[in-house]
Amino acid sequence: MSDKDLSRRDIPENLVRRSAWPDSVSRAVVTPLQPSVVYASECPDQLDAQYEGRVSGYTYAREGHPNATVLAGKIDALEAVPAAGGGGIMLGSGMAAVTAALLGLLRAGDHVLGGDQLYGRSLRLLTQDLPRFGITASLADPTDAGAFAAAIRPETRAILIEVVSNPTLRVADMAAILALGRERGIPVLVDNTFTTPRGYRPFDHGADVVIQSVTKMLAGHADVTLGYVAARDPAQRRAIYDFAVTTGMTPSPFDCWLAERGLYSFHLRYDRAEANAARLADHLAGREGVTRVLYPGRPDHPDHNRAAAILGPRGGHMVSFELAGGRAAANALTRAMPQVNFAPTLGDIATTLSHPASSSHRSLGPEGRARLGISEGFFRVSVGVEEIEVLLRDFDAGLAAARGAV
Ligand SMILES: *Cc1c(COP(=O)(O)O)cnc(C)c1O
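Residues numbered from 1 in each chain as written. Predicted model: local features only at pLDDT ≥ 70, side-chain atom pairs only at ≥ 80, totals over all residues. Heavy atoms only, no water.

Here's the deal with the packing of aromatic side chains
Thinking step 1. Scanning the model with the defined rule gives 5 aromatic pairs in all.
Thinking step 2. Ring centres of Y39 and Y58 lie 5.5 Å apart, and the angle between their planes is 40°; on these two criteria the pair is classed as tilted. Taken together, the residues Y39 in the segment before α1 (44-51) and Y58 in the loop between α1 and α2 (66-79) connect sequence positions 19 residues apart.
Thinking step 3. When its relative accessible area of 30% is taken as the criterion, Y58 is described as partly exposed.
Thinking step 4. Ring centres of F254 and W257 lie 5.9 Å apart, and the angle between their planes is 20°; this geometry places the pair in the stacked category. One end of the pair is F254 and the other is W257, both in helix α9 (residues 253-263) and 3 residues apart, which spans about a single turn. (Phe/Tyr/Trp six-rings, centres within 6.5 Å; stacked < 30°, edge-to-face > 60°. Helix = DSSP H or I, 4+ residues; strand = E, 2+ residues; numbered from the N terminus. Buried < 20%, exposed > 50% of the residue type's maximum accessible area, 1.4 Å probe, protein only.)

Concerning the site of the ligand
Thinking step 1. Taken together, 13 residues lie near the ligand, and G94, D191, S213, T215 and K216 sit nearest.
Thinking step 2. The contact in question runs from an oxygen atom of the ligand to an N or O atom on the side chain of S213, over 2.9 Å.
Thinking step 3. Between the ligand and K216, the relevant distance is 2.8 Å, taken from an oxygen atom to a side-chain nitrogen or oxygen of the residue.
Thinking step 4. Notes on the ligand: free accessible area 380 Å², of which the protein chains cover 92%.
Thinking step 5. Of the residues contributing to the shell around the ligand, the split by class is 5 nonpolar, 5 polar and 3 charged. (Near = heavy atom within 4 Å. Polar contact = N/O pair within 3.5 Å; in protein donor to acceptor, adjacent residues only side chain to side chain. Areas by Shrake-Rupley, 256 points an atom, 1.4 Å probe, with all protein chains shown as cover. Nonpolar A, V, L, I, M, F, W, Y, C, P; charged D, E, K, R; others polar.)

Quick look at the packing of helix α3 (residues 94-105) against helix α8 (residues 234-246)
A pair of packed helices is characterised by two quantities: the angle between their axes and the separation of those axes.
Thinking step 1. Two elements in contact, α3 and α8, have axes separated by 8 Å at closest approach and are oriented at 115°. If you check the angle between α3 and α8, you find them roughly perpendicular. As for the relative orientation of α3 and α8, their crossing is right-handed in sense. On the side of α3, the interface is formed by T99, A100, A101, L103, G104 and L105, while α8 contributes Q236, A239, I240, F243 and A244. (Axes fitted to C-alpha atoms, helices over the stretch in contact; angles between N-to-C directions. Parallel < 35°, antiparallel > 145°, perpendicular 65-115°, else oblique. Left-handed = near helix turned anticlockwise from the far one by under 90°. Contact = heavy atoms within 4.5 Å.)

These figures come from the coordinates and say nothing about function on their own.
In structure tokens form, the structure reads like this:
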């Protein structure tokens, strides 16, 4: 061996030469985690073929990597993405998905119409950020098809809605809004995070773009921040993808890998959480000190008939309720049930409680919140998979403490 032989094993610097993966006639049963940022091609001709799509091959992880491809394919199957669309795109967060969809499709001079109870950061994007780029936005009540149609302008180029709103769980008039988009040739973007593909599949009903915060129910364990967006039209997919890659919205391979593992049990978690949510809603409804319970599966929900038409027997895993006694009662409730995390998220495998007045809706101020029916005693529950009797006991303890504080 000459001194110039770089493969010499006794020179530590040569360890950077990548080793071949060991041969094995048996294969791993788990999706491999591939953190590689770059992919080595054989020669410039091969790289040409890759970029021109004649052969498939990864080049640079910001543009795509195997863990994102595998995860997106599984969510595509759940969301029933039309095959012609080319499949979903994984992004670093749900908000990256919302942003990429809007900025990928819109240009200066365009107008976007949003639901008036969108996720807080989506509202902020529409009303504060897009105008800085010459894109105007307005909001309308998606439970009122007439109001929504009246808010369309000649320059409206996108509609963004959520099926079930946060935190009052109002149900959008999906049939009317999707028909409106179709008639006027305006793409309808549906953020399906609250409903999940188990509750509702927007593509089946004619939606153009579907968005998920995978952070929530799909990954399901409060340990991953990820988003997903898919389009029916391949040109729209391409525009969203290019914007996302250019602006660096890439997800980490590890997050995709972890989310894939979470996704395996999504249907089991969802069904169990939904059954628990229905029980919890009925349990809370009869209790002293509870002034209101909102659950789409209950006949007393303001949109119950529409919920039944859109979601069928599925009421979802979210329940909201209002306590008598305002902030003092709210403080007493969370203090008396510390086993249930008081945390502003949803979709975790364990139940979490959120208080919109002090978190997601604090920037609205008291009047803005009052318009939506959100008081200091208002809570939103993302119901988890716990044994229901244990959960009901926790809530009973919380409610007893809340009554004592009034
Ligand atoms: C959480 C959420 C988002 C944002 O998702 P992140 O992953 O937190 O960025 C968007 N839309 C809805 C409906 C959400 O609940």
